[in-house]
Amino acid sequence: MRRILPLAALTLIIFSTSAIAQIEIGASFELRNEDPESGFGLRIQKGFFEILPMVDVGLRAHFSYFREENQVDDSGGFSYSEDLTNYDFGIAAYGGVSLGLMEPYIGLGLGSETTDINVDYPLGAGPGPEEGEESNIYWNTFVGAKVTIIPLVKPFVEYRYSNKELGEPTLADAQNGRIMFGVNLSF
């Protein structure tokens with residue numbers, strides 16, 4: 001909770017500034033190479049510098065939610081259920097250019113990720129319910145493109161790489177990437 005309050009206050013200050021030009025609210029379907037593998041995301045972003053007509057620079061707040069429930073059965077008839085929940089939130093700066101109908105962009109940000117694991121064994125089998133939680137702070141970078149079919153609706157595709165160690169990336173960090181498909185509504 002201590003991490004959410006400063007991030008929420010910063011987001012409120014940024015998005016209430018009158019010098020900001022445009023607001024976009026979006027939703028996405030997200031895929032990644034770790035369990036749970038698929039989830040959904042929400043984002044809100046505002047652009048700065050409306051003086052520059054082809055340049056889009058702004059700030060974004062995002063939230064992603066992944067959940068998976070597994071029923072595990074072994075050959076001896078023993079079974080248990082495992083519930084994995086992962087959510088992350090963050091704030092990022094982005095920049096892009098308008099090339100007619102397409103708007104490619106890149107960005108960099110910070111966030112926090114939490115993973116909850118709940119294992120539930122049947123009554124009388126196993127050690128009983130187990131719970132665990134792991135949280136970490138990460139930096140991320142992303143690249144994507146929006147397509148403007150009509151000015152209000154902007155479908156997008158984006159790839160986000162997150163480094164949870166806050167150190168130098170390695171080849172083993174390849175599972176920290178995710179691809180997103182979504183739609184932004186522009187106001």
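These numbers come from a predicted model, not from an experiment. (Residues numbered from 1 in each chain as written. Predicted model: local features only at pLDDT ≥ 70, side-chain atom pairs only at ≥ 80, totals over all residues. Heavy atoms only, no water.)

### Some points on the pairing of strand β2 (residues 38-48)
Piece 1. Sheet topology places strand β1 (residues 22-32) next to β2; ten bridges connect them, and they run antiparallel. From the neighbouring strand, alanine 27 faces β2, where its bridge partner is leucine 42.
Piece 2. Hairpin connection, β1 to β2: the antiparallel pair is bridged by five residues.
Piece 3. Direction of pairing for β2 relative to strand β3 (residues 55-73): antiparallel, over a ladder of ten bridges. Residue arginine 43 lies in a different strand from β3, and its bridge partner there is histidine 62. (Pairing = 2+ DSSP bridges. Helix = DSSP H or I, 4+ residues; strand = E, 2+ residues; numbered from the N terminus.)

### Some points on the environment of leucine 108
Piece 1. Along the chain, the position of leucine 108 falls in strand β5 (residues 102-120).
Piece 2. Distance from leucine 108 to serine 162, taken between C-alpha atoms, is 9.9 Å for residues 54 residues apart in sequence.
Piece 3. Residues within four places of leucine 108 in sequence aside, it is in contact with Ala92, Ala93, Trp139, Asn140, Thr141 and Phe142. (Contact = heavy atoms within 4.5 Å.)

### Points about unusual backbone geometry
Piece 1. Cis geometry is adopted by the peptide bond preceding proline 36, which originates at aspartate 35 and carries an omega value of -15°.
Piece 2. Position of proline 36 relative to the elements: it lies in the loop between β1 and β2.

### What to know about the environment of glutamate 131
Piece 1. Structurally, glutamate 131 can be placed in strand β6 (residues 130-147).
Piece 2. Separated by 15 residues in sequence, glutamate 131 and aspartate 116 have C-alpha atoms that sit 7.4 Å apart.

### Description of the pairing of strand β7 (residues 153-163)
Piece 1. Where β6 lies against β7, eight bridges are found, and the strand directions are antiparallel. Paired with glycine 144 across the two strands is glutamate 158, which belongs to β7.
Piece 2. Connecting β6 to the antiparallel partner β7 that follows it, the hairpin turn spans five residues.
Piece 3. Here β7 pairs with strand β8 (residues 177-186) via nine bridges, running antiparallel. Considered in β8, the bridge of arginine 160 is made with arginine 178.

### Here's the deal with the pattern of salt bridges
Piece 1. Inspection of every chain in the model, using the stated rule, returns 14 salt bridges.
Piece 2. Arginine 67 is the partner of aspartate 83 in a salt bridge, and the nearest nitrogen-oxygen pair spans 3.1 Å. Taken together, the positions of aspartate 83 in strand β4 (residues 79-97) and arginine 67 in strand β3 put the pair 16 residues apart, joining distant regions of the chain.
Piece 3. By relative accessible area, which is 16% here, aspartate 83 ends up buried.
Piece 4. Put simply, lysine 146 and glutamate 103 hold a salt bridge, and the shortest N to O gap is 3.7 Å. With lysine 146 in strand β6 and glutamate 103 in strand β5, this residue pair connects regions lying 43 residues apart in the sequence.
Piece 5. Using a relative accessible area of 3% as the deciding quantity, one classes lysine 146 as buried. (Salt bridge = Lys/Arg side-chain N within 4 Å of Asp/Glu carboxyl O. Buried < 20%, exposed > 50% of the residue type's maximum accessible area, 1.4 Å probe, protein only.)

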